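Read off the chains here:
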Amino acid sequence: MGIVCPVYSLGVPLIVADFVKNADLSAAEYVFVILTYGAYPGAVEDMIYNIMEAAGRAPDYVTKVKMADNYLPVFNPPTGEKLESLMRSARQGFEVAAHEIHEKQKKVPHSFFIHKLMGRIVYRSMKGDALDKEFHADPTCNGCGTCEKVCPVKNITIEQERPVWHHHCESCFACIHHCPEKAIQFGSKTRGKGRYRNPEVSLKDLMRKS
Ligand SMILES: Cc1cc2nc3c(=O)[nH]c(=O)nc-3n(C[C@H](O)[C@H](O)[C@H](O)COP(=O)(O)O)c2cc1C
Ligand code: SF4
Ligand code: SF4
């Protein structure tokens, strides 16, 4: 049994934290976790280990792999050779992890206190009901509905050909990154910046099936 998820705000995405708290993993013979991150992951490996241990089944193996940082308010996503080089390293990271998981290796995290402290402070900023208050669409929005379809939690509906956010956001940034018109902004911090999609994932892969 495995969980592969990104790092948000130096921690585990709220939807993933809820999932592992409520999942019954007691029968799983071996449990692994791979966390993908951009610039700085804090002590996220310890965080997911502790959440799962408290829920009754600590993971056997936890690792992290560096990817592009898609937190658009702070970073401008890499392109060209920089992105390709990041993806090459990421693939190597996943190959190492796949090999170690295949051998059912044990890997228990031990982060330094300073990273745990940073994580505790920054993670508190994640509050589901307020996360989408800064999203809005520019006049270039054509009402295509892609943002509605890529939102994993149905937090967006299209009303009068414009997206409306409903304040139960997971802060995945799928809507802003995959709008074909680059019409979605997060406050004033994303204007003029690029948008990012993992080169190994298609828009179709990201669309909700229902
Ligand atoms: C809301 C949000 C918060 C993020 N916070 C962090 C963070 O605290 N530390 C970090 O290293 N990366 C952070 N990231 C970056 C993502 O973890 C990273 O871009 C992602 O794992 C890339 O995976 P992908 O290439 O499969 O999309 C954040 C991304 C988003 C959207
Ligand atoms: S994806 Fe972009 S263009 Fe399409 S409806 Fe949403 S904001 Fe408008
Ligand atoms: S797609 Fe947009 S609205 Fe939906 S959870 Fe992700 S960030 Fe929030």
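What counts, and at which threshold
- Residues numbered from 1 in each chain as written.
- Chains lettered and ligands numbered in written order.
- Predicted model: local features only at pLDDT ≥ 70, side-chain atom pairs only at ≥ 80, totals over all residues.
- Helix = DSSP H or I, 4+ residues; strand = E, 2+ residues; numbered from the N terminus.
- Rg over C-alpha atoms; globule rule 2.2 N^0.38 Å.
- Buried ≥ 20, exposed ≤ 12 C-beta atoms within 10 Å, placed from the backbone.
- Contact = placed C-beta atoms within 7 Å.
- Pairing = 2+ DSSP bridges.
- Right-handed = clockwise from strand over helix to strand, strands pointing away.
- Near = placed C-beta within 6 Å.
- Nonpolar A, V, L, I, M, F, W, Y, C, P; charged D, E, K, R; others polar.
- Domains from an automatic or database assignment.
- Axes fitted to C-alpha atoms, helices over the stretch in contact; angles between N-to-C directions.
- Core = buried A, V, L, I, M, F, W, Y, C linked by C-beta atoms within 7 Å.

1. What to know about the overall build of the chain
Each helix and strand in the chain was counted, giving seven helices and seven strands. Listing every helix and strand of the chain by position from the N terminus yields β-α-β-α-β-α-α-β-α-β-β-α-β-α. For 210 residues, the compact-globule estimate of 2.2 N^0.38 gives 17 Å, and the chain sits close to it at 18 Å. For the chain, the spread of C-alpha atoms along the principal axes amounts to about 50 × 40 × 35 Å. Here the chain, with 210 residues, has 26% of them falling under the buried criterion. Sequence separation of at least 24 residues holds for 71% of the intrachain contacts in the chain that already meet a minimum separation of 6.

2. A word on the pairing of strand β2 (residues 32-37)
As defined by bridge partners, strand β1 (residues 2-6) adjoins β2 across five bridges and the pair is classed as parallel. From the neighbouring strand, Ile3 faces β2, where its bridge partner is Val33. In terms of handedness, the path from β1 via helix α1 (residues 14-22) over to β2 forms a crossover that is right-handed. Examined bridge by bridge, β2 and strand β3 (residues 61-66) share six bridges and lie parallel to one another. Counterpart to Leu35 in the pairing with β3 is Lys64. In terms of handedness, the path from β2 via helix α2 (residues 44-54) over to β3 forms a crossover that is right-handed.

3. Let's talk about the site of ligand 2
Taken together, 14 residues lie around ligand 2, and Cys141, Cys144, Thr146, Cys147 and Cys179 are the ones closest in. Partitioned by chemical class, the residues of the shell around ligand 2 number nine nonpolar, four polar and one charged.

4. A word on the site of ligand 1
Near ligand 1 lie 20 residues; those nearest to it are Pro6, Thr36, Tyr37, Gly38 and Asn198. Here the residues of the shell around ligand 1 sort into 13 nonpolar, six polar and one charged. Built from parts of two domains, the shell around ligand 1 gets at least three residues from each of domain 1 (2-123) and domain 2 (128-206).

5. Thoughts on the domain arrangement of the chain
Looking at the chain, the domain boundaries give domain 1 (2-123) and domain 2 (128-206). Using C-alpha coordinates to define each centre, domain 1 is positioned 24 Å away from domain 2. Contacts between the two partners involve 13 residues from domain 1, matched on the other side by 14 residues from domain 2. Secondary-structure elements contributing two or more residues to the side of domain 1 that touches domain 2 are α1 and α3 (80-102). Looking at side-chain class alone, the side of domain 1 that touches domain 2 contains ten nonpolar, three polar and no charged residues.

6. What to know about the sheet that holds β3
Across the sheet, which stays open at both edges, the three strands sit in the order β1-β2-β3 with parallel pairing between neighbours. The sheet is open, and its two borders are formed by β1 and β3, each paired with just one other strand. Averaged over neighbouring strand pairs, the angle between their axes works out to 15 degrees when direction is ignored. Sheet strands in contact with α2 are β2 and β3, and its direction is about 145 degrees off that of β3.

7. With respect to the nonpolar core
What tends to happen in soluble globular proteins is that the nonpolar side chains get buried as a cluster. Judged by nonpolar contacts, the single largest core of 18 residues is most densely connected at Cys147, Cys151, Ala174, Cys175, Ile176 and Ile184. Broken down by secondary-structure element, the contributors of at least two residues to this core are β4 (135-137), α5 (146-150), α6 (174-178) and β7 (184-186). Top contributing element to this core by residue count: α6, with three residues. One finds Leu10, Val12, Met47 and Ile48 within the second-largest nonpolar core, a separate group that totals 17 residues.

8. A word on unusual backbone geometry
Phi is positive for Lys104, which is not a glycine, with a value near 55 degrees. Mapped onto the elements, Lys104 comes out in the loop between α3 and α4 (113-123). In this model, Gln160 sits at a positive phi of 50 degrees, which is unusual for a non-glycine residue. By secondary structure assignment, the location of Gln160 is in the loop between β5 (156-159) and β6 (162-165).

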